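Examining the three-dimensional arrangement
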Amino acid sequence: MVLWNLEIYMENGRIYKSIFAILPMERKARVVISTVFSGKAIRVVIKNLKPDKLILIVDDPIHDTKKATIEGLKENFKGIFDIEIMKTPLYDIPRIMKDVTKKIDNEFEKGNEIILHITEGRKITSLALLFAGYARKNKVSESYYVEEEGDKMLPLPVVVKFD
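First things first, this report covers the structure right here in the doc. (Residues numbered from 1 in each chain as written. Predicted model: local features only at pLDDT ≥ 70, side-chain atom pairs only at ≥ 80, totals over all residues. Heavy atoms only, no water.)

1. Side note on the sheet that holds strand E8 (residues 153-155)
What holds strands together in a sheet is hydrogen bonding between their backbones, with the strands either parallel or antiparallel. The strand order E5-E4-E3-E6-E7-E8 describes an open sheet built from six strands, whose pairing is mixed. The open sheet is flanked by strand E5 (82-89) and E8, the only strands paired with a single partner. The sheet shows a mean angle of 25° between the axes of neighbouring strands, direction not considered. Sheet analysis places strand E3 (residues 30-35) next to strand E4 (residues 53-60), joined by five bridges and oriented parallel. When the bridges of E4 are listed, Thr35 appears paired with Ile57. Sheet strands in contact with helix H4 (residues 123-135) are E3, E4, strand E6 (113-117) and strand E7 (140-146), and its direction is about 145° off that of E3. (Pairing = 2+ DSSP bridges. Helix = DSSP H or I, 4+ residues; strand = E, 2+ residues; numbered from the N terminus. Axes fitted to C-alpha atoms, helices over the stretch in contact; angles between N-to-C directions. Contact = heavy atoms within 4.5 Å.)

2. A look at unusual backbone geometry
Residue Pro61 is bonded to the preceding Asp60 through a cis peptide linkage, with omega at 10°. Topologically, Pro61 is positioned in the loop between E4 and helix H2 (64-76). Positive phi, normally seen in glycine, also occurs at Asp151, with a value near 55°. Positionally, Asp151 belongs in the loop between E7 and E8.

Next up, the structure:
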């Protein structure tokens, strides 16, 4: 939809008229790539970041707790945003990083904003996700860890700089 704006004004005894179009801007989709376990921290992230798409990184095979969490998230947020499952090998940091960097590249090529969340799941998976974010630091806008004690979202550095 295009909106038109017509302005008529007078200056120094002369009447001026201007017309211009207001074109809608395409909004980037907000994509959160997240580790998963119980879903408590993910719900905090969803509430605060309001993603258009949630990509959950899960170990293959998927643990029963994770399966239940994923099903609950799909049921609760059906029709609100897309949930994609990305299976990764257990304890294989280089492979997880490779898979996640490909996903970051694909989402970035679509023009999407990419945010990482590393609170839940195995530490190895969380570290691999964060390292993938460092490898693609120009494509990741933010990364977060959610405090267990107060559900506060802690921003993590996307660019690591040591002095």
